[in-house]
Amino acid sequence: ALAEAGFALSEPAWIDAAIDAFDYIQRRHGRRDGQGLARLAHTSRGGAAYGAALIDDYAQLTLAALALFAVTGQPRYRAAATAWVETALSRYWDAGGSGFFQNADDSPGLIIRVKADFDGELPAGNGAMAEALARLYFFSGDATLARRAEAALESQGGAVGQDYFSLGSLLIAADTLFRAVQVVVIGDRGQADTAELLNVVARLSLPGRVLQVISPAATLPDGHPAQYKTQVDGKATVYVCVGQVCSLPATTAAELRETVKLMRRVAAAPKTTP
């Protein structure tokens, strides 16, 4: 929340606070197990960490890492998200029925492993992790993540018709996976033209937005609809994509606002099957 609010309201101190909080959790609660997986402790006190993390912990920290990656562009955040998702899929995934268990398969003393299906005071682990998988898929291009996100949605989504109030996180994940608005800024962070476009993006209401800022020499993942898009006349350039459809390039604030209006209508259009 600090990272996203700092980005939206041009408060770099809030982003710095988000970084400090993230680094504390990663340093205090993180470790590598004997298989090299990135594991998390559930809680800490007095400098010591205790208990195996729940799937909710991995989901929320993955989402935090991806928020910081979008805002700062630092690859270490995407690396952390990738490592935690690997652990979640390895230790928490229900291979027999899809979806995520609340506890890891190597947690001691369990009588039964349950799943976090419904939102309570916090979003349910399955909904939050499906959202994390969907977002990491857009950043990485790894189609396996999209398939696992969809499988998690299918395994838990049958109850939506009866109790959608308790499945908000699952609905948000579905909206991200199938209707995400991908905003790709081709330009160098810190340059005035890139900053101008990012300021516009920050102030627009775009639920499900996935923001990537790449340098002109970088390449988007395979399968990304804007993979081979380039700058226009050497200026920072934005492409807004929904599904496999991308907008025309925008290089000014006014062009970007008009582009987003158009692509919002594309994202909201009913989906049909052939």
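Please read all numbers here as calculations on a predicted model, not as lab measurements. (Residues numbered from 1 in each chain as written. Predicted model: local features only at pLDDT ≥ 70, side-chain atom pairs only at ≥ 80, totals over all residues. Heavy atoms only, no water.)

Focus: the side chain of Asp33
Next, step 1: With respect to the helices, strands and loops of the structure, Asp33 is situated in the loop between strand S1 (30–32) and strand S2 (38–45).
Next, step 2: For Asp33, a relative accessible area of 15% corresponds to the buried category.
Next, step 3: A distance of 2.9 Å separates the side chain of Asp33 from the backbone nitrogen of Gln35, its partner in a polar contact.
Next, step 4: Polar side-chain contacts of Asp33 include one of 2.9 Å to the side chain of Arg39. (Helix = DSSP H or I, 4+ residues; strand = E, 2+ residues; numbered from the N terminus. Buried < 20%, exposed > 50% of the residue type's maximum accessible area, 1.4 Å probe, protein only. Polar contact = N/O pair within 3.5 Å; in protein donor to acceptor, adjacent residues only side chain to side chain.)

Some words on the side chain of Thr194
Next, step 1: By the element assignment, Thr194 lies in helix H9 (residues 192–203).
Next, step 2: Aside from chain neighbours lying at most four places away, what touches Thr194 is Val185, Gly187, Asp188, Arg189, Val213 and Ala236. (Contact = heavy atoms within 4.5 Å.)

A few points about the sheet that holds strand S6 (residues 237–242)
Next, step 1: Ordered by their spatial adjacency, four strands build an open sheet running S5-S4-S6-S7, and the pairing between neighbours is mixed. Whereas interior strands pair on both sides, the edge strands pair on one side only; in this sheet they are strand S5 (209–214) and strand S7 (245–246).
Next, step 2: In the sheet, strand S4 (residues 181–186) pairs with S6 via six bridges, with the strands oriented antiparallel. If you follow Ile186 over to S6, its bridge partner there is Thr237.
Next, step 3: The sheet contacts of helix H10 (residues 253–268) involve S4, S6 and S7, and relative to S6 the element is tilted by about 10 degrees. (Pairing = 2+ DSSP bridges. Axes fitted to C-alpha atoms, helices over the stretch in contact; angles between N-to-C directions.)

A closer look at the packing of helix H3 (residues 55–72) against helix H4 (residues 75–91)
Next, step 1: It is at 8 Å that the axes of H3 and H4 come closest, and there the two elements cross at 160 degrees. As summarised for this structure, H3 and H4 are arranged roughly antiparallel, according to the angle between their axes. The hand of the H3/H4 crossing is left-handed. Counting all contacts with H3, which are made through Ile55, Tyr58, Leu61, Thr62, Ala65, Leu66, Leu68, Phe69 and Thr72, the residues of H4 involved are Pro75, Tyr77, Arg78, Ala81, Trp84, Val85, Thr87 and Ala88.
Next, step 2: Along the lines of polarity and charge, the residues of the contact of H3 with H4 split into 13 nonpolar, three polar and one charged. (Parallel < 35°, antiparallel > 145°, perpendicular 65-115°, else oblique. Left-handed = near helix turned anticlockwise from the far one by under 90°. Nonpolar A, V, L, I, M, F, W, Y, C, P; charged D, E, K, R; others polar.)

Some words on the packing of aromatic side chains
Next, step 1: As enumerated under the stated definition, the model contains six aromatic pairs in all.
Next, step 2: Here Phe69 and Phe139 contribute two aromatic rings whose centre-to-centre distance is 5.2 Å and whose plane-to-plane angle is 85 degrees, an arrangement assigned as edge-to-face. With Phe69 in helix H3 and Phe139 in helix H5 (residues 125–140), this residue pair connects regions lying 70 residues apart in the sequence.
Next, step 3: By relative accessible area, Phe139 is classed as buried at 2%.
Next, step 4: Here the aromatic rings of Tyr137 and Phe138 are separated by 5.1 Å at their centres, their planes lie at 50 degrees, and the arrangement is tilted. (Phe/Tyr/Trp six-rings, centres within 6.5 Å; stacked < 30°, edge-to-face > 60°.)

Overview of unusual backbone geometry
Next, step 1: A positive phi angle is found at Ser98, which is not glycine, with a value near 70 degrees.
Next, step 2: Mapped onto the elements of the fold, Ser98 is located in the loop between H4 and H5.
Next, step 3: Assessed through its relative accessible area of 22%, Ser98 is described here as partly exposed.
Next, step 4: Phi at Asp233 is positive, roughly 55 degrees, even though this residue is not glycine.
Next, step 5: Residue placement: Asp233 occurs in the loop between S5 and S6.
Next, step 6: Relative accessible area serves as the criterion here: at 69%, Asp233 is assigned to the exposed category.

These values are about where atoms sit, not about what they do.
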